[in-house]
Amino acid sequence: MKTLKLIAMATVTAAFVSPSFAAEVESEAGAKIIAPLQIANATALYFGTIAPSLTSADEVVVTPAGAKSCGAELTCLTDDHTAAAFNVSGEPDVSYTIELPQNISITNGAGGSMQVNDFSGSKAGGVLVSGTDSFTVGGTLEVAANQPTGEYTGTFTVAVEYE
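Here is a short report on the structure shown in this document. As the structure is a computational prediction, the values presented were derived from the model and not from experiment.

## Digging into the overall build of the protein
Along the backbone of the protein there are one helix and 12 strands. Counting every position in the protein, which comprises 163 residues, the buried fraction comes to 27%. Contacts in the protein between residues at least 24 apart in sequence constitute 72% of all its contacts with a sequence separation of at least 6. Roughly 10600 Å² of accessible area belongs to the protein as shown, and the carbon and sulfur atoms make up 56% of that amount.

## What to know about the packing of aromatic side chains
Within the structure shown, the criterion is met by three aromatic pairs. Ring centres 6.4 Å apart and planes at 75° place the aromatic pair Phe86 and Phe156 in the edge-to-face group. Of this pair, Phe86 sits in strand β6 (residues 84-89) while Phe156 sits in the loop between β11 (132-143) and β12 (159-162), and the two are 70 residues apart along the sequence. The exposure class assigned to Phe86 is buried, which follows from its relative accessible area of 8%. Ring geometry for Phe119 versus Phe156: centroids 4.8 Å apart, planes at 40°, classification tilted. Placement of Phe119 in strand β9 (residues 113-121) and of Phe156 in the loop between β11 and β12 is noted, with a sequence separation of 37 residues between them. The buried category is assigned to Phe119, whose relative accessible area is 10%. The structure contains a cluster of three or more aromatic residues connected by ring pairs, namely Phe86, Phe119, Phe135 and Phe156.

## Concerning the environment of Gly154
Position of Gly154 among the secondary structure elements: in the loop between β11 and β12. Judged by relative accessible area, which is 43%, Gly154 ranks as partly exposed. Considering only alpha carbons, one finds Gly154 and Val116, 38 residues apart in sequence, at a separation of 9.5 Å. Leave out the neighbours within four places in its chain, and Gly154 touches Ser105 and Ile106.

## A look at the state of the cysteines
By definition, a disulfide links two cysteine residues through a covalent bond between their sulfur atoms. Tallying each qualifying case throughout the model produces one disulfide. Across the disulfide, Cys70 is cross-linked to Cys76 (sulfur-sulfur distance 2.1 Å). Because the torsion about its S-S bond is 90°, the bridge between Cys70 and Cys76 counts as right-handed. For Cys70, a relative accessible area of 29% translates into the label partly exposed. The exposure class of Cys76 is partly exposed, given its relative accessible area of 23%.

## Overview of the pairing of strand β8 (residues 103-107)
Remember that side chains alternate between the two faces of the sheet whenever the strand is regular. Of the two faces of β8, the one lined by Ile104 and Ile106 is fully buried and the one lined by Asn103, Ser105 and Thr107 carries no buried residue. Where β8 lies against β9, five bridges are found, and the strand directions are antiparallel. Residue pairing across strands places Ile104 opposite Val116, the latter belonging to β9.

Rules behind the numbers
- Residues numbered from 1 in each chain as written.
- Predicted model: local features only at pLDDT ≥ 70, side-chain atom pairs only at ≥ 80, totals over all residues.
- Heavy atoms only, no water.
- Helix = DSSP H or I, 4+ residues; strand = E, 2+ residues; numbered from the N terminus.
- Buried < 20%, exposed > 50% of the residue type's maximum accessible area, 1.4 Å probe, protein only.
- Contact = heavy atoms within 4.5 Å.
- Areas by Shrake-Rupley, 256 points an atom, 1.4 Å probe, with all protein chains shown as cover.
- Phe/Tyr/Trp six-rings, centres within 6.5 Å; stacked < 30°, edge-to-face > 60°.
- Disulfide = S-S within 2.5 Å.
- Pairing = 2+ DSSP bridges.

In structure tokens form, the structure reads like this:
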């Protein structure tokens, strides 16, 4: 009799857990892949031709707008200075940010070096209107007293990232 009661209770319990109380649904999964963000250097950052002081250090600043200021202890001999220019391309109408370096060294290949620091951009980020945008970068060149002569070169990295 006890076995019969247990079977009857199991049958009644199973009736309350019927498939009519369960539900299923399918969902879609997907992704949108956008154009990769790309950056190209169009113009180098160039401080021009400079004559240093024999006794005092000073600096040359090129702004993102391309203006140059030459410290009082230096003689800036040419007006061929340029701000660095960059072109960015990617997904239309998407925003991006710009990351600039803190400082770099440029060298003359004969042991002389100078620091470039205080990099600044014409903007901190942008929007890829029609998939393209551009910006410029300036910086400050530290020229030592009696800086060794030569053609100084170096590189710096500018990064862009979608936001």
